[in-house]
Amino acid sequence: MALIPVLETPEGPIFESNAIARYVSRLNGENSLNGSSLIEYAHVEQWIDFSSLEIYGNIFNWFVPRMGFMPYSVPGEEAAISALKRGLDALNTHLTTNTYLVGHSVTLADIITVCNLNLGFSTVMTKSFTSAFPHVERYFWTLINQPNFKKVVGDVKQTEAVPPIKKAGQPAKPKEQPKKKEAPAAEAPKPVEEEEAPKPKAKNPLDLLPPSPMVLDEWKRLYSNTKSNFREVAIKGFWDMYDPEGYSLWFCDYKYNDENMVSFVTLNKVGGFLQRMDLARKYAFGKMLICGSEGPFKVKGLWLFRGTEIPKFVMDEVYDMELYEWTKVDISDEAQKERVSQMIEDAEPFEGEALLDAKCFK
């Protein structure tokens with residue numbers, strides 16, 4: 001019997017990926033990936049087993065039969081999907097109040113679980129499927145985009161569709177022998193079918209809005225090029241340009257700030273959100289402030305969108321949106337207007353707290 005993967009060591013080979021991972025994580029007396037106490041060690045092992053059986057096992061039983069490597073059956077697939085949903089629901093509940101599976105830093109349990117989830121996200125778990133588990137989504141995209149993960153896994157893209165079913169071991173159809181004909185009549189040449197002209201790409205509904213006197217690119221240039229007297233130049237320029245009939249301003253506040261105990265994880269969480277907002281770059285400008293000198297850090301944002309509501313395609317495509325409370329700015333309220341100005345200029349302290357960082361989307 002041949003098994004892969006196999007790790008060759010001076011003491012002999014090791015097979016099974018989890019066994020290899022456990023071995024590598026303990027090399028040179030390194031134990032930080034296995035918990036800082038006996039109970040944390042047990043919890044790491046617990047989540048490794050859970051991830052392998054309840055997550056990977058059910059993803060495997062959903063994906064592999066569709067690829068034709070195992071017999072496919074509708075009841076079998078339904079059972080795998082149902083079991084996977086139960087596993088993801090349990091994981092999602094745990095991640096509601098936890099950044100990592102165990103403790104306050106990455107452990108072997110996170111490494112194995114994220115790798116197992118990666119199989120699902122990249123093959124069968126579409127956005128419409130995973131949106132029911134927002135904490136799992138946040139956890140996966142935050143960790144998979146960490147430099148140490150990306151060095152191994154590379155850039156990960158979520159599948160857009162469940163792959164079609166391929167029959168297992170389907171034999172090729174034998175070629176039919178042409179029947180002999182006596183003096184076949186010459187066939188008239190078939191008319192060449194004209195290729196269907198490509199359909200024009202549907203316009204974004206925001207492109208169909210009435211023209212606005214506010215030109216977003218002009219504001220972005222003013223913001224980027226103002227190096228001094230920011231309040232007098234850029235902020236004044238913004239309010240001079242702002243068109244409340246063609247654009248809208250929104251505050252956002254992260255719903256789960258109590259999870260933001262680790263600075264770099266919080267920063268990466270916000271960075272991932274901004275990356276996923278790239279599809280709205282033509283129609284939006286944003287500021288995200290990470291407030292506090294120690295955890296839990298508070299994440300607060302300000303967004304300018306084309307149109308008088310948050311664009312539907314953004315709400316549909318960017319899963320992070322549902323992780324924030326969104327409040328439309330009332331510019332007739334001078335306090336709210338001043339808050340907008342302070343967020344644009346990265347005023348510090350902001351609402352009594354130091355800024356860990358301020359990120360701009362433009």
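Just so we're clear, the structure is a prediction, and the values are computed from it rather than from any experiment.

> Lay out the overall build of the protein chain in plain terms, naming residues and giving numbers.
Helix and strand counts for the protein chain come out as 12 helices and seven strands. Within the span of the protein chain, comprising 362 residues, buried residues form 42% of the whole. The long-range share in the protein chain, meaning contacts at least 24 apart out of those at least 6 apart in sequence, stands at 73%. Here the protein chain displays about 21,100 Å² of accessible surface, and carbon together with sulfur accounts for 55% of that area.

> Could you give me a rundown of the side chain of threonine 159, with the residues and numbers involved?
Mapping threonine 159 onto the fold places it in the loop between helix H7 (147-153) and helix H8 (216-225). Residue classification places threonine 159 among the buried positions, given a relative accessible area of 14%. Polar contacts involving the side chain of threonine 159 include one to the main-chain carbonyl oxygen of threonine 123, which spans 3.5 Å. If near-sequence neighbours (up to four positions away) are discounted, threonine 159 is found in contact with Phe121, Ser122, Thr123, Val124, Met125, Thr126 and Lys127.

> Describe unusual backbone geometry, with residues and values.
In this model, glycine 295 is joined to proline 296 through a cis peptide bond whose omega is 0°. On the secondary structure map, proline 296 appears in the loop between strand E4 (284-291) and strand E5 (298-306). Along the chain, glutamate 348 connects to proline 349 via a cis peptide bond; the corresponding omega equals 0°. For proline 349, the position within the fold is in the loop between helix H12 (334-344) and strand E7 (355-361). The phi angle at asparagine 229 is positive, at roughly 50°, despite the residue not being glycine. Looking at where asparagine 229 falls in the secondary structure, it is placed in the loop between H8 and helix H9 (230-241). Despite not being glycine, glutamate 351 has its phi angle at roughly 50°, a positive value. Note on placement: glutamate 351 falls in the loop between H12 and E7. Owing to a relative accessible area of 41%, glutamate 351 belongs among the partly exposed residues under this scheme.

> Can you explain the pairing of strand E1 (residues 6-9)? Please cite residues and give values.
The two faces of the sheet receive side chains in turn, since in a regular strand these alternate between them. Across four bridges, E1 lies against strand E2 (residues 12-15) in antiparallel orientation. Paired with leucine 7 across the strands is isoleucine 14, a residue of E2. The loop that links E1 with its antiparallel partner E2 comprises two residues.

> Help me get a handle on the environment of leucine 206, residues and values and all.
With respect to the helices and strands, the residue leucine 206 is situated in the loop between H7 and H8. Its relative accessible area of 12% is what places leucine 206 among the buried residues. Sequence separation of leucine 206 and lysine 312 is 106 residues, and the distance between their C-alpha atoms is 9.9 Å. Setting aside residues no more than four positions away along its own chain, leucine 206 makes contact with Tyr283, Arg306, Pro311 and Phe313.

> Can you break down helix H4 (residues 108-123) residue by residue, with the values?
With 16 residues, H4 should cover 22 Å at 1.5 Å per step; its first-to-last C-alpha distance of 23 Å lies within 8% of that length. In terms of burial, H4 is a largely internal element, 12 of the 16 residues being buried. Of the positions making up H4, those classed as buried are Leu108, Ala109, Asp110, Ile112, Thr113, Val114, Asn116, Leu117, Asn118, Gly120, Phe121 and Thr123. Contact partners of the buried residues in H4: helix H1 (17-25), helix H2 (38-66), helix H3 (74-95), helix H5 (127-130), helix H6 (134-144) and H7.

Calculation criteria
Residues numbered from 1 in each chain as written. Predicted model: local features only at pLDDT ≥ 70, side-chain atom pairs only at ≥ 80, totals over all residues. Heavy atoms only, no water. Helix = DSSP H or I, 4+ residues; strand = E, 2+ residues; numbered from the N terminus. Buried < 20%, exposed > 50% of the residue type's maximum accessible area, 1.4 Å probe, protein only. Contact = heavy atoms within 4.5 Å. Areas by Shrake-Rupley, 256 points an atom, 1.4 Å probe, with all protein chains shown as cover. Polar contact = N/O pair within 3.5 Å; in protein donor to acceptor, adjacent residues only side chain to side chain. Pairing = 2+ DSSP bridges. Expected span 1.5 Å × (residues − 1).

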